[in-house]
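Secondary and tertiary structure notes
Each chain is listed here by its residues.
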Number of protein chains: 2
Amino acid sequence: MAKHPSLAAVVQRLEDRGLRVTAPRLSVLAAAAAGAEDQFSAEDIESRLPQVGRATIFRTLKLLVEMDVFCRVLLDDGNLRYRWSRRGHHHHLICDSCGAIEDFTGCDVTTLMQDLARRTGFTARGHWLEVYGRCAACHSRAAVSQ
Amino acid sequence: MAKHPSLAAVVQRLEDRGLRVTAPRLSVLAAAAAGAEDQFSAEDIESRLPQVGRATIFRTLKLLVEMDVFCRVLLDDGNLRYRWSRRGHHHHLICDSCGAIEDFTGCDVTTLMQDLARRTGFTARGHWLEVYGRCAACHSRAAVSQ
DNA sequence: CTCTTATTGACACATAGTCCCATTTCCACA
DNA sequence: TGTGGAAATGGGACTATGTGTCAATAAGAG
């Protein structure tokens with residue numbers, strides 16, 4: 001699966017919303033695709049685009065997160081990263097050891113929420129879940145080196 | 001149940017860790033207990049303690065979070081709050097409408113994690129979960145006003 | 001080609017911290 | 001009781017991640 005959706009698709013979605021497809025917006029998308037990692041910080045984008053105003057970069061990041069082109073990932077140390085969104089409801093598995101981020105869907109938190117409503121009367125509208133641990137690759141790597 | 005544990009218990013835990021029980025640390029605890037709400041921001045503490053250095057306030061907050069005296073709560077808007085921890089693994093139910101925060105334990109995310117490990121090979125070490133929605137009190141309030 | 005509106009860039013300001021370093025405070029031990 | 005070392009503090013600079021304002025610019029519609 002591609003790291004990120006085609007530019008054309010994003011452009012289409014901008015147009016559908018009646019938003020303009022401008023050079024700075026395309027630059028941010030390009031800069032986000034440029035990194036070696038599939039995740040990036042606001043600062044990464046800033047440093048790759050010295051010619052684009054800082055405010056514009058943040059505005060664009062915010063817009064693209066709203067449009068579900070990017071998603072935010074909360075790292076264990078409290079830092080925030082951006083990432084191409086796989087679109088729709090999903091969560092992240094963040095590897096402590098290599099830092100890789102995987103998505104996961106099939107989130108049964110819904111069941112949990114229903115349970116919760118029964119027990120406490122609290123109705124969940126949404127939730128934020130990040131999982132920290134060790135990915136399969138780092139497991140085998142550890143197994144080999146020992 | 002009390003909003004927060006006795007000061008003596010916290011003092012004890014500081015001593016157990018070989019840390020000093022200093023005036024600034026006690027001030028932060030007092031300031032945290034002073035607010036009307038059971039939650040507070042770093043800024044709340046700062047403004048209640050103009051005589052204590054900012055660096056000290058942040059150091060102390062961090063220390064008390066590590067000691068599980070306070071916990072951090074991630075609000076829906078991305079802002080962070082501090083809160084007396086009920087100690088041990090728990091999550092938060094944050095009411096959109098009145099802003100109240102309830103704790104909940106009996107978190108069956110564990111089951112989810114085991115499932116995850118089977119499916120993806122990812123072993124979870126920990127997770128962060130915040131739930132947003134509407135509390136029981138706000139439900140009944142809404143029912144009455146309609 | 002021009003009008004309108006979206007968008008941008010610059011800059012100031014805000015929040016939530018961290019880092020460094022000189023000074024102070026505390027505690028233990030002589 | 002005095003003192004030396006370690007822990008803790010306060011001040012200030014610095015960082016990261018934003019937001020708000022406002023005048024200038026650019027895009028698309030007609």
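Each value, and the rule that gives it
Residues numbered from 1 in each chain as written. Chains lettered and ligands numbered in written order. Predicted model: local features only at pLDDT ≥ 70, side-chain atom pairs only at ≥ 80, totals over all residues. Heavy atoms only, no water. Helix = DSSP H or I, 4+ residues; strand = E, 2+ residues; numbered from the N terminus. Expected span 1.5 Å × (residues − 1). Buried < 20%, exposed > 50% of the residue type's maximum accessible area, 1.4 Å probe, protein only. Arc of directions from axis to C-beta. Contact = heavy atoms within 4.5 Å. Patch = residues over 30% accessible without salt bridge, like charges linked within 9 Å, V, L, I, M, F, W, Y side chains within 5 Å. Areas by Shrake-Rupley, 256 points an atom, 1.4 Å probe, with all protein chains shown as cover. Salt bridge = Lys/Arg side-chain N within 4 Å of Asp/Glu carboxyl O. Near = heavy atom within 4 Å. Polar contact = N/O pair within 3.5 Å; in protein donor to acceptor, adjacent residues only side chain to side chain. Nonpolar A, V, L, I, M, F, W, Y, C, P; charged D, E, K, R; others polar. Domains from an automatic or database assignment. Buried area = accessible area lost by both parts, 1.4 Å probe. Pairing = 2+ DSSP bridges. Axes fitted to C-alpha atoms, helices over the stretch in contact; angles between N-to-C directions.

Residue and element names in this part refer to chain B. With 13 residues, helix H4 (residues 54–66) should cover 18 Å at 1.5 Å per step; its first-to-last C-alpha distance of 18 Å lies within 8% of that length. Of the residues making up H4, those classed as buried are Ile57, Thr60, Leu61, Leu63 and Leu64. Axial view of H4: buried residues confined to an arc of 165 degrees, hence all on one face. Pointing more than 90 degrees away from the buried face of H4 are the exposed residues Arg54, Arg59, Lys62 and Glu66. The secondary structure elements touched by the buried residues of H4 are helix H1 (7–16), helix H2 (23–34), strand S1 (39–40), helix H3 (42–48), strand S2 (70–74) and strand S3 (80–84). Asp68 lies just past H4 and shows a positive phi near 65 degrees.

Taken together, the side chains of Leu7, Val21 and Leu26 of chain A define a hydrophobic patch exposed on the protein surface, amounting to about 210 Å² of accessible area. Tracing the backbone shows Leu7 of chain A in helix H1 (residues 7–16).

What follows deals with the protein's contact with DNA strand D. If you check the shell around DNA strand D, you find 20 residues, and the closest are Arg54, Phe58 and Tyr82 of chain A together with Arg20 and Thr22 of chain B. Backbone atoms, meaning sugar and phosphate, form 55% of the atoms of DNA strand D found within 4 Å of the protein. Interatomic distance of 2.6 Å between a side-chain N/O atom of Arg54 of chain A and a base nitrogen of DNA strand D. Within the contact set of DNA strand D, a phosphate oxygen lies 2.8 Å away from a side-chain nitrogen or oxygen of Tyr82 of chain A. With 5 residues, helix H4 (residues 54–66) of chain A is the largest single contributor of residues to the surface near DNA strand D. Looking at the surface near DNA strand D residue by residue, the class counts come to 7 nonpolar, 4 polar and 9 charged.

Here the focus is the domain arrangement of chain A. Residues and elements named next belong to chain A. Examined at the domain level, chain A breaks down into domain 1 (1–87) and domain 2 (89–146). The gap between the C-alpha centroids of domain 1 and domain 2 is 23 Å. At the junction of the two partners, domain 1 supplies 12 residues and domain 2 supplies 13 residues. At the boundary of domain 1 with domain 2, total buried surface from both sides reaches about 1100 Å², with 55% on carbon and sulfur atoms. Ranking the residues of domain 1 by area buried against domain 2 places Leu74, Arg83 and Arg86 at the top, with a combined share of 46%. Run the count over domain 1 and domain 2 and you get 1 salt bridge. In this structure, Asp103 and Arg83 form a salt bridge, with 2.9 Å as the shortest nitrogen-oxygen distance.

Glancing now at the pairing of strand S3 (residues 80–84) of chain A. Residues and elements named next belong to chain A. Sheet analysis places strand S1 (residues 39–40) next to S3, joined by 2 bridges and oriented antiparallel. Across the sheet, residue Gln39 finds its bridge partner in S3, namely Arg83. Note that strand S2 (residues 70–74) and S3 share 5 bridges and pair antiparallel. When the sheet's bridge partners are listed, Val73 is paired in S3 with Arg81. Connecting S2 to the antiparallel partner S3 that follows it, the hairpin turn spans 5 residues, and Gly78 within it adopts a positive phi of roughly 90 degrees.

A few words now on the sheet that holds S1 of chain B. The strands making up a sheet associate through backbone hydrogen bonding, with each pair oriented either parallel or antiparallel. All names here are of chain B. One open sheet accounts for 3 strands, arranged S1-S3-S2; its pairing is antiparallel. The strands lining the two open edges of the sheet, one partner per strand, are S1 and S2. Sheet strands in contact with H4 are S1, S2 and S3, and its direction is about 100 degrees off that of S2.

All right, on to the interface of chain A and chain B then. Each partner contributes residues to the interface: chain A has 34 residues there, and chain B has 34 residues. Surface buried jointly by chain A and chain B totals about 2700 Å² across both partners, of which 62% is contributed by carbon and sulfur atoms. Viewed at the interface, chain B and chain A are joined by 4 salt bridges. Contributions of two or more residues to the side of chain A that touches chain B are made by strand S4 (91–95), strand S5 (101–104), helix H5 (109–120), strand S6 (123–134) and helix H6 (136–145) of chain A. The biggest single contributor to the side of chain A that touches chain B is S6 of chain A, with 12 residues.

So, on to the protein's contact with DNA strand C. Around DNA strand C lies a shell of 22 residues, among which Arg20, Thr22 and Arg25 of chain A together with Arg54 and Phe58 of chain B are the nearest. Backbone atoms, meaning sugar plus phosphate, form 60% of the atoms of DNA strand C positioned within 4 Å of the protein. Between Arg20 of chain B and DNA strand C, the recorded distance is 3.4 Å, taken from a side-chain N or O atom to a base oxygen. With respect to DNA strand C, the side chain of Arg54 of chain B contributes an N or O atom lying 2.4 Å from a base nitrogen. Elements represented by at least two residues in the surface near DNA strand C include exactly helix H2 (23–34) and H4 of chain A together with H4 and S3 of chain B. For the surface near DNA strand C, a count of residues per class yields 8 nonpolar, 5 polar and 9 charged.

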